[in-house]
Amino acid sequence: MAATVRRQRPRRLACWVLMTVLLADLLALSDTLAVMSVDLGSESMKVAIVKPGVPMEIVLNKESRRKTPVTVTLKENERFFGDSAASMAIKNPKATLRYFQHLLGKQENNPHVALYKARFPEHELGFDPQRQTVYFQISPQLQFSPEEVLSMLLNYSRSLAEDFAEQPIKDAVITVPAFFNQAERRAVLQAARMAGLKVLQLINDNTATALSYGVFRRKDINSTAQNIMFYDMGSGSTVCTIVTYQTVKTKDAGMQPQLQIRGVGFDRTLGGLEMELRLREHLARLFNEQRKGQRAKDVRENPRAMAKLLREANRLKTVLSANADHVAQIEGLMDDVDFKAKVTRAEFEELCADLFERVPGPVQQALQSAEMKLDEIEQVILVGGATRVPKVQEVLLKAVGKEELGKNINADEAAAMGAVYQAAALSKAFKVKPFVVRDAVIYPILVEFTREVEEETGVRSLKHNKRVLFSRMGPYPQRKVITFNRYSHDFNFHINYGDLGFLGPEDLRVFGSQNLTTVKLKGVGESFKKYPDYESKGIKAHFNLDESGVLSLDRVESVFETLVEDSPEEESTLTKLGNTISSLFGGGSTADPKENGTDTVQEEEEGPAEGSKDEPGEQAELKEEAEAPAEDTSSPPPPEAKGAAAPEGEKAAEKDGRDKPEAQKPSEKGEVGSEGAPPAPEEEKKQKPARKQRMVEEIGVELVVLDLPDLPEDQLAHSAQKLQDLTLRDLQKQEREKAANSLEAFIFETQDKLYQPEYQEVSTEEQREDISGKLSATATWLEDEGFGATTAMLKEKLAELRKLCHGLFFRVEERKKWPERLSALDNLLNHSSMFLKGARLIPEMDQIFTEVEMTTLEKIINETWAWKNTTVAEQAKLPITEKPVLLSKDIEAKMAALDREVQYLLNKAKFAKPRPRPRDKNGTRAEAPLNASASDQSEKVIPPPGQTEDTKPIPEPEKETAGPEAVDSEPLELGGPAAESEQKEHPEQPTGQKRTLKNDEL
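Residues numbered from 1 in each chain as written. Predicted model: local features only at pLDDT ≥ 70, side-chain atom pairs only at ≥ 80, totals over all residues. Heavy atoms only, no water.

### Observations regarding the overall build of the protein
A tally of regular secondary structure across the protein gives 28 helices and 30 strands. Relative to its 1002 residues, the protein shows a buried fraction of 44%. Only carbon and sulfur atoms are counted for the fraction: they give 51% of the accessible area of the protein, which is about 54300 Å². (Helix = DSSP H or I, 4+ residues; strand = E, 2+ residues; numbered from the N terminus. Buried < 20%, exposed > 50% of the residue type's maximum accessible area, 1.4 Å probe, protein only. Areas by Shrake-Rupley, 256 points an atom, 1.4 Å probe, with all protein chains shown as cover.)

Structure, rendered in structure tokens:
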């Protein structure tokens, strides 16, 4: 028995561990009942939420619009966002920041930084020597980096979502352009971290759009592949994506729809903004020509005038998309001079002719990356606001060779809806239908390293090696492991971008540094000294390209193996507990706990997302290297070994999951052979083969970021604190404005009420003059000194005025409530009296109410009548300018007490059961009442004597000595002598009812 208890103890402890984990998950869900998505566009953003009861919904901003401008105005004492900031762009263009996402993750020498300065010369950009980046210099005291400005906007979007959802939100999915590189993606993540957002995923906007399209057309997706092209031209850029939809078999959910990104092409600067800038330049030229002879200044030198022209150019582009011509007009453009000019669509198309020639470029790039032809594309769907320009549609239709372009998707909100669906899928608080998403790597990533090789006897040279880590258009998220097996000392390797030949010269300059990180390993030599008798299996570097497309180096390990013999030691309790927990979660058998010895780590078999594969050529190369066996003289080689080790000695395992760990191979563990026949027990005892023991030593890693250094932790914390202080200042400012508005509104409303008849009727002239004087004095103070008053002072002034006017307002409100309350009380008293009268008329045989209950109700009715008459009489004697004694709350209390008593009796009558009719002494039922119908009497069946109509016949009791217990436990027929004696003891019990163990009283 003791042994049994010891075996069950680990399982019981494992159950407690499982319950603790489940409870922790439930507690975590309580804070994540709503998630949001932010579709960050260049010109505007859309916010969507999912919460219980609201599946997927676009958030309305404070102006009740579904789209919010990506604009921030930063002044010394206040900030403006969205539409408010957009309206401030004309008044204060220097402090109004727009299109700042174009500066994310870019150093000062990037061509896009120079392009931003040319487009918006009113902004002063400072230089950060530490990170080689730029920042906005609003004033000598105000300076913000692009990450900080984006963080402010993300925080504002969260406030909109929280107001709409009426609950706090922390989890979010943010869309980014598909062409964002590692530095740009890390910059967005840092901005979200400053804002206190937990980013579930950075999803590419083209992927989010494709997901939204597939979710709403799930029924149309089948096992036949459908190739759809999405052409997205927004305000700042253009992206063309080829997506394949089909159903695939998943491990957990069976056949489910899947989207796979097959090809991507883009143009970073082709969009609606460039068209608007061309129109702005055209309008500025026309305005200068109109004032050419007046020796006026160039309108381009006036930032406010240029902001007005840009806003008019935006409106003009929209109107010309539906009209052949339109008149642009601006009042007081510069120096109080109005501007008016007619612009035709032909002129607009001529201005943007070179832009329209670039429209087919992303299509060709997408087809090349997907290795597809236009004939394989079933449909081309337009996304983005700039695709509404007729010339764009005309050129694109000619380029793709289709009959028509698809417009069956919401061009503005598709990305936001797809992102919020992904947010719900990633959140633990919601369960959505599975939709497999396989995104693609745009920029390939490889590992480079050098090592010494011996070409001839005594001659050594350095050899440069490259291993492709994540190939172009390969799927992600996925994990990779690179093995270095020719190093026994500390060394370095480099992580860089791969072949970027598909980018043009200008795109390469905009792309920035092609070198990502230099990895310096420390502790390799010490690990070899620590295990001198073990055989090295190489230095393994574990890489992870997560859901956001951000590359990280998880860890670097030095792995050693040796042959050991099994010892017949018994498993420890902790080992049994670990095996029990593993079986609870995995359900499968566990490996030998002593297989890896102390501090053992089984080599992880990490692979990409489900069903992912790399390009065929790279896959074959990596697979060949992965299958090359390690040189091992201590154990026989496995049957599937092919050839010797790779000449360089480095193995790149694209998917660890392809091969089983060596410690689990049947030939090494002595398990079931290839034929599947287990060895005889005698043979096991005589010959027990040795097994491999693996030892793993963690290697120190030092990362040197080469593309764009991340913000240091102290600077990141400082920026987050600075943004929190600004948010707190905004909240305090809003609270003060609210207090000032409340005080001003109370003064105006009360001054108006003093002249209304209902207020004059219940107040004296002296009281009104006193109130009016206080109101006038407070209004004067608010006008003269209110601008410098604090929130507490404003609230204190408002409290004083409300206290002064409380008596007047109270008397008016009470007189308004009296007629309704008194009428309701009279109705309740009348109905209660009628109910009591009817209750007393019930015959004694059918009475369900006790005398105490009816007496209590009668007492309450009389007391309420008396209180009402007395109070109304006292109120009639008082002047109407005095505090009333007849209060509406007292009337409501009396009504509640009376209604509670009546409801109690009504509920008792509702659930009361009718009592059966009594029988005479001979056992026959009494005569039916006179008002009973003949049919009712003819259908009655008289039961045998001693049996009621609704009960079954009572079996004959056993003859025992009569005593107190026997008498109480034996049911007696009512109507005989025993029944008469019982009725004397219990006179309230009606005649004809059986009494068994006093159940009726219970």
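### Focus: helix H13 (residues 414-426)
Helix length check: H13, at 13 residues, gives a terminal C-alpha distance of 19 Å against a target of 18 Å (1.5 Å per residue), a fit within 8%. The buried count for H13 comes to 11 of 13 residues, which makes it a mostly enclosed element. Restricting attention to buried positions, one finds in H13 the residues Ala414, Ala415, Ala416, Met417, Gly418, Ala419, Val420, Tyr421, Gln422, Ala423 and Ala424. (Expected span 1.5 Å × (residues − 1).)

### Quick notes on the environment of Asn222
Its place among the elements puts Asn222 in the loop between helix H6 (205-215) and strand E13 (226-233). Expressed as a C-alpha distance, the spacing of Asn222 and Gln256, which sit 34 residues apart in the sequence, is 9.0 Å. Residues within four places of Asn222 in sequence aside, it is in contact with Gln246 and Thr247. Polar side-chain contacts of Asn222 include one of 2.9 Å to the backbone nitrogen of Thr224. (Contact = heavy atoms within 4.5 Å. Polar contact = N/O pair within 3.5 Å; in protein donor to acceptor, adjacent residues only side chain to side chain.)

### Description of the pattern of salt bridges
Counted under the stated rule, the structure contains 47 salt bridges. With its nearest N and O atoms 3.4 Å apart, the salt bridge here joins Lys530 to Glu697. Remark: Glu697 occurs in strand E29 (residues 691-698) and Lys530 occurs in helix H15 (residues 524-530); sequence separation between them is 167 residues. When its relative accessible area of 18% is taken as the criterion, Glu697 is described as buried. (Salt bridge = Lys/Arg side-chain N within 4 Å of Asp/Glu carboxyl O.)

### Focus: the nonpolar core
Within the largest apolar cluster, 111 residues are counted, with the highest numbers of intra-cluster contacts made by Leu154, Phe230, Tyr245, Phe484, Phe493 and Phe543. Here this core takes 9 residues from helix H4 (residues 146-165), the largest share from any one element. Excluding anything up to four places from it in sequence, Phe543 contacts Val447, Leu469, Phe470, Gln478, Arg479, Lys480, Ile482, Phe493, Ile495, Leu551, Ser552 and Leu553. Counting 44 residues, the second largest nonpolar core, distinct from the first, contains Leu309, Leu355, Val359 and Ala366. (Core = buried A, V, L, I, M, F, W, Y, C linked by side-chain atoms within 4.5 Å.)

### Topic: the side chain of Gln256
Tracing the backbone shows Gln256 in strand E15 (residues 254-267). The exposure class of Gln256 is buried, given its relative accessible area of 13%. Those residues within four positions of Gln256 in sequence are excluded, and the remaining contacts are Arg218, Gln246, Thr247, Val248, Thr250 and Pro434.

### Quick notes on the packing of helix H5 (residues 182-194) against helix H20 (residues 713-753)
At a closest axis distance of 9 Å, the pairing of H5 and H20 adopts a crossing angle of 50°. With respect to H20, the axis of H5 lies oblique. Contact residues: Gln190, Arg193 and Met194 in H5; Glu713, Leu716, Ser719, Ala720 and Leu723 in H20. Looking at the contact of H5 with H20 residue by residue, the classes come out as 4 nonpolar, 2 polar and 2 charged. (Axes fitted to C-alpha atoms, helices over the stretch in contact; angles between N-to-C directions. Parallel < 35°, antiparallel > 145°, perpendicular 65-115°, else oblique. Nonpolar A, V, L, I, M, F, W, Y, C, P; charged D, E, K, R; others polar.)

### Let's talk about H6
Note that an α-helix has 3.6 residues per turn; residues three or four places apart therefore point the same way. With 11 of its 11 residues buried, H6 lies for the most part within the structure. When H6 is considered as a whole, its buried residues turn out to be Asp205, Asn206, Thr207, Ala208, Thr209, Ala210, Leu211, Ser212, Tyr213, Gly214 and Val215.

### So, unusual backbone geometry
With an omega dihedral of 10°, the bond running from Tyr476 to Pro477 counts as a cis peptide bond. With respect to the helices, strands and loops of the structure, Pro477 is situated in the loop between strand E22 (475-476) and strand E23 (478-484). Even without being glycine, Tyr99 reaches a positive phi, approximately 55°. For Tyr99, the position within the fold is in the loop between strand E7 (96-98) and helix H3 (111-119). Unlike most non-glycine residues, Glu371 shows phi in positive territory, near 55°.

### Structural notes on the environment of Leu333
For Leu333, the location among the structural elements is in strand E16 (residues 325-334). If sequence neighbours within four positions are ignored, Leu333 has contacts with Phe287, Val299, Ala305, Lys308, Leu309 and Phe339.

### With respect to empty space enclosed by the protein
Scanning the model with the defined rule gives 9 cavities of 30 Å³ or more in all. Considered as a void within the structure, the largest cavity measures approximately 140 Å³ in volume. Lining the largest cavity are 15 residues, and of these Gln182, Arg185, Val441, Ile442 and Gly549 lie nearest its centre. Split into classes, the residues belonging to the lining of the largest cavity amount to 10 nonpolar, 4 polar and 1 charged. (1 Å grid on protein atoms, 1.4 Å probe; cavity = no way out; pocket = protein on both sides within 12 Å on 5 of 7 lines; lining within 4 Å. Points joined across faces, edges and corners; volume = space filled by probe spheres on them.)

### Quick notes on the sheet that holds strand E6 (residues 79-81)
Taken in spatial order, the 3 strands make up an open sheet running E6-E5-E7, and their pairing is antiparallel. Edge positions in the open sheet fall to E6 and E7, since each of these has one partner strand only. Averaged over all adjacent pairs, the angle separating strand axes in this sheet is 20°, with direction ignored. Relative to E7, strand E5 (residues 71-74) runs antiparallel, the two sharing 3 bridges. For Thr73, the partnering residue across the bridge sits in E7 and is Thr96. Relative to the sheet, H4 contacts E5, E6 and E7, its axis offset from that of E5 by approximately 110°. (Pairing = 2+ DSSP bridges.)

### Looking at the packing of helix H24 (residues 851-877) against helix H25 (residues 888-911)
Contact geometry for H24 and H25: axes closest at 11 Å, N-to-C directions at 160°. Compared by their axis directions, H24 and H25 come out roughly antiparallel. Classified by chirality, the crossing of H25 by H24 is left-handed. Touching Glu853, Thr856, Leu857, Ile860, Ile861, Thr864 and Trp867 of H24 are Asp890, Ile891, Lys894, Leu898, Glu901, Val902, Tyr904, Leu905 and Lys908, all from H25. The class makeup of the residues in the contact of H24 with H25 is 9 nonpolar, 2 polar and 5 charged. (Left-handed = near helix turned anticlockwise from the far one by under 90°.)

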